[in-house]
Amino acid sequence: MLENAAGFKTKKDDVFGRIASKYDLLCDLFSFGIHRVWKSRVASIIADAQWSTFLDTASGTGDIALRVIRKADISSNKRIIVSDISEKMLEIAKLRISKTNTSNVEIRLIDACSMPEIGSESIELFSMSLGLKICERTSALKEAFRVLKPSGRLVVLEASNIPIKLVHRLYLKYMAIVMPLIGWLATNGDASAYRYLLQGVEAFPTAEELCSELAEIGFEEISFERLSFGIVAIHVAVKPNCNA
C-alpha cells in the first residue's frame, strides 16, 4: 500500500470510483472550466511530439487521450495506453473513447506507482495530469523514468505555486473552503476525494522544486510552463540517451 502527502491509500480506497459519474462536472465547477484550457495545452504538447507509444497515467475519464486523438494524426503505427487505478473511471473513459472510432487505444487498469505490466524502455511519451499530487510522487516518477525509452519524453500537468506568495495563500484558503463544500454537495456527503486533492495541492512542491526532483531521478532538458498565474504548471523532461 502506497501512502503520500495527500493521505490517499491507492490500494484501499476507491474514492474516485465513487465519484466517477460526476467527476467531469466537478472539475468544471472547481476550476470554472479552466481545466479544459490546461488539458488542451498538455494535449498540444503531446500531439506535437514524436512518439509511437504514448502512456497516459491517472487518466481518469480519458480527457487527455481524447484531446490528443482530436489534435494528432493517430495513424495505425501509433498506440495510446489509457490507464488508471479506478475501474469505474476507466469504464467512462472507454465509453468516451469508443465514440472516436479510434482502434489503437488500450484501456488498462494500472497503478502509476508500480507498473510491472509495462516493460522497461518501451514507451516514447509518458504523461500524468493532475494525479501526481495524490500518488507516491517519487515512485511514480521513477517508474516513468524506467518505462521511457532513451530520449523519451515526460509530460506532467499538476498543481503548482503562484509566485506571489500572498496571492497563493489566498488561493489555498479559497480552495480549503470551496473544494470540500462543492464536493460534499455534489456527492451527497462524500467529500473524501476532495479532501485528498486539497491536501495534495497544499503539500505539492513548487515548480522549481519539482524540476530538482526530476533532475535527481535522472531526467534532463527539464522545463516548465506556468498556467493561470501558476495555479498549475506543465513540466516536460527527457530521459537521456546515453548512446547518443
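Above this note sits the structure.
As the structure is a prediction and not an experimental result, all values here were calculated from the model.

## A look at the environment of M128
So, step 1. Following the sequence through the fold, M128 ends up in strand 4 (residues 123–129).
So, step 2. Classification of M128 by relative accessible area gives buried; the value is 2%.
So, step 3. Counting along the chain gives 69 residues from M128 to S59, while the straight-line C-alpha distance between them is 7.2 Å.
So, step 4. Leaving out residues up to four positions away in the same chain, M128 has contacts with D56, T57, A58, A112, C135, A140, V155, V156 and L157.

## Description of helix 5 (residues 87–98)
So, step 1. For helix 5, which comprises 12 residues, the first-to-last C-alpha distance of 16 Å matches the rise-based estimate of 16 Å (1.5 Å per residue) to within 8%.
So, step 2. Of all the residues in helix 5, the buried ones are M89, L90, A93 and I97. Seen from one end, helix 5 has its buried residues packed into an arc of 90 degrees, which puts them on one side. The outward face of helix 5, more than 90 degrees from its buried face, is lined by the exposed residues E87, E91 and L95.

## Some details on helix 9 (residues 207–217)
So, step 1. Those residues of helix 9 that fall on the buried side of the exposure criterion are A207, L210, C211, L214 and I217. With its buried residues spanning 120 degrees around the axis, helix 9 presents them on a single face.
So, step 2. Packed against the buried residues of helix 9 are helix 6 (137–147), strand 5 (148–159), strand 6 (220–227) and strand 7 (232–238).
So, step 3. After helix 9 finishes, the residue G218 shows a positive phi value of roughly 130 degrees.

## Some points on the packing of aromatic side chains
So, step 1. A full pass over the atoms with the stated rule returns two aromatic pairs.
So, step 2. Ring centres of F145 and F219 lie 5.0 Å apart, and the angle between their planes is 90 degrees; this geometry places the pair in the edge-to-face category. Here the residue F145 occupies a position in helix 6, and F219 occupies one in the loop between helix 9 and strand 6, the gap between them amounting to 74 residues. F219 matches F145 in its accessibility class, with the two residues each being buried.
So, step 3. One residue, R137, lies across the ring of F204, its end atom 5.3 Å from the ring centre.
So, step 4. Sitting over the ring of F145, K239 keeps its end group 4.9 Å from the ring centre.

## A look at the nonpolar core
So, step 1. Ranked by internal contacts, the top residues of the largest apolar core, which has 51 residues, are I46, W51, V68 and I80.
So, step 2. With six residues, the single largest contributor to this core is helix 3 (residues 35–48).
So, step 3. In this view, V68 contacts A43, I46, W51, F54 and I74; residues no more than four positions away in its chain are not counted.
So, step 4. Core analysis: the second largest hydrophobic core is formed by 26 residues, I118, F126, C135 and L141 among them.

Basis of the calculations
- Residues numbered from 1 in each chain as written.
- Predicted model: local features only at pLDDT ≥ 70, side-chain atom pairs only at ≥ 80, totals over all residues.
- Heavy atoms only, no water.
- Helix = DSSP H or I, 4+ residues; strand = E, 2+ residues; numbered from the N terminus.
- Buried < 20%, exposed > 50% of the residue type's maximum accessible area, 1.4 Å probe, protein only.
- Contact = heavy atoms within 4.5 Å.
- Expected span 1.5 Å × (residues − 1).
- Arc of directions from axis to C-beta.
- Phe/Tyr/Trp six-rings, centres within 6.5 Å; stacked < 30°, edge-to-face > 60°.
- Lys NZ or Arg CZ within 6 Å of the ring centre and 35° of its normal.
- Core = buried A, V, L, I, M, F, W, Y, C linked by side-chain atoms within 4.5 Å.

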